[in-house]
Amino acid sequence: MINKERFLNTLKQYDIEISDLQFSQLDKYAEILVEYNEKVNLTAITDPEGIENKHFLDSLLFAKNPLVKGKVVDVGTGAGFPGIVTKIFKPEIELTMIEPTGKRCTFLQYALDTIGIKADVVKERAEEAARKGYREKYDVATARAVADMRVLSEYCIPLVKVGGHFIAMKGDGEKELAPAMNAIAKLGAKFVTMEEYALPDESKRTIIISKKEKETPKVYPRNGGKISKAPL
């Protein structure tokens, strides 16, 4: 479905290389995404070039980061971005995808089975998962365009083990970073760096990296209503 020559040429501009197998897996993913999207609302982006750039390239900009390794949790993964793309790119990672919507979880498992890769799909809200067996279990927690950075920090940082990283994927993340510094610190982490990219259509992408330095206080995360109504 996706245009191999065009996609590989685009990836080359970002110093990303994929194997023939990885291309085939991404192509199959695109095909089933569009097919399944006809019955379950997964994405508004269904044209091949849009999928190549706004879903796959965007996810690969996260996946190529050397900090992305070990146990990785994708919070509010939706249709599987960046989680499934990251697992295709780095098959050695242990991936967990947390998604509260049952229909999307069904799609995620179908996609994994069809592509032929393994990951855990957890039907749960992130704040509930962090109060259960998933707390401080992961080397990396990420989320793409789920919520404001202050809110996202409270969803994700409790899931990260001390020494691990919270890597947020944002559009224009710079304006969200300063207000989120307090939340990041309260949750036991410290801002490290911010990487900025532009997709081929010149839309902005920002990757914000924070390192977990100490355990998250037991009072966090709060319940979902408090997190969104009164961000840290």
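Here the structure is shown first, and the text comes after it.
Calculation notes
Residues numbered from 1 in each chain as written. Predicted model: local features only at pLDDT ≥ 70, side-chain atom pairs only at ≥ 80, totals over all residues. Heavy atoms only, no water. Buried < 20%, exposed > 50% of the residue type's maximum accessible area, 1.4 Å probe, protein only. Helix = DSSP H or I, 4+ residues; strand = E, 2+ residues; numbered from the N terminus. Arc of directions from axis to C-beta. Contact = heavy atoms within 4.5 Å. Polar contact = N/O pair within 3.5 Å; in protein donor to acceptor, adjacent residues only side chain to side chain. Axes fitted to C-alpha atoms, helices over the stretch in contact; angles between N-to-C directions. Left-handed = near helix turned anticlockwise from the far one by under 90°. Nonpolar A, V, L, I, M, F, W, Y, C, P; charged D, E, K, R; others polar. Pairing = 2+ DSSP bridges. Right-handed = clockwise from strand over helix to strand, strands pointing away. Salt bridge = Lys/Arg side-chain N within 4 Å of Asp/Glu carboxyl O.

1. Some words on helix α1 (residues 4–13)
Given 3.6 residues per helical turn, the α-helix brings residues three or four places apart onto the same face. Buried residues of α1: F7, T10 and L11, and no others. Taken down its axis, α1 places every buried residue within 100° of arc, on the same side. Along α1, exposed side chains directed more than 90 degrees from the buried face belong to E5, K12 and Q13. As for α1, its buried residues are in contact with α2 (20–36) and α3 (48–63). The distance from a side-chain oxygen at the start of α1 to the backbone nitrogen of E5 is 3.3 Å, and the residue carrying that oxygen is N3. A positive phi of about 55° marks D15, the residue just after α1.

2. Quick look at the packing of α2 against helix α5 (residues 102–115)
Angle between the axes and distance between the axes are the two parameters that describe a pair of packed helices. Viewed as axis vectors pointing N to C, α2 and α5 meet at an angle of 145°, and their least axial separation amounts to 10 Å. The two elements α2 and α5 meet at a crossing, and its hand is right-handed. Every residue of α5 that contacts α2 at Q25, K28, Y29, I32, L33, E35 and Y36 is listed here: T106, F107, Y110, A111, T114 and I115. Partitioning the contact of α2 with α5 into residue classes produces eight nonpolar, three polar and two charged.

3. Re the pairing of strand β1 (residues 71–75)
Counting buried positions along β1 gives four out of five residues, so the element sits mostly inside the fold. As paired strands, β1 and strand β2 (residues 94–98) are joined by five bridges and run parallel to one another. Its bridge partner being in β2, V75 is matched across the sheet by I98. For the crossover from β1 across helix α4 (residues 83–89) to β2, the handedness is right-handed. As defined by bridge partners, β1 adjoins strand β4 (residues 138–144) across three bridges and the pair is classed as parallel. Its bridge partner being in β4, D74 is matched across the sheet by T142.

4. Notes on the pattern of salt bridges
Within this structure, the stated rule accounts for 17 salt bridges. For the salt bridge of K4 with D20, the shortest nitrogen-to-oxygen distance reads 3.3 Å. Taken together, the residues K4 in helix α1 and D20 in helix α2 connect sequence positions 16 residues apart. Look at K4 and you get partly exposed, because its relative accessible area is 36%. Through salt bridges that share partners, R6, E49 and E52 make up one connected network.

5. Some words on the side chain of E154
Along the chain, E154 turns up in helix α7 (residues 149–156). For E154, the contacting residues outside a window of four places in its chain are L187, Y220, P221, R222, I227 and L232.

6. Notes on the sheet that holds strand β5 (residues 160–170)
Taken in spatial order, the seven strands make up an open sheet running β3-β2-β1-β4-β5-β7-β6, and their pairing is mixed. In this open sheet, the two strands that pair with only one neighbour each are β3 (120–122) and β6 (189–198). Each strand axis lies, on average, 20° off the axis of its neighbour in the sheet, ignoring direction. Against the sheet, α5 touches β2 and β3, its axis set at about 175° to β3. Contacts from α7 reach β1, β4, β5 and β7 (204–212), with the element oriented near 145° to β5.

By themselves these figures say nothing about function.
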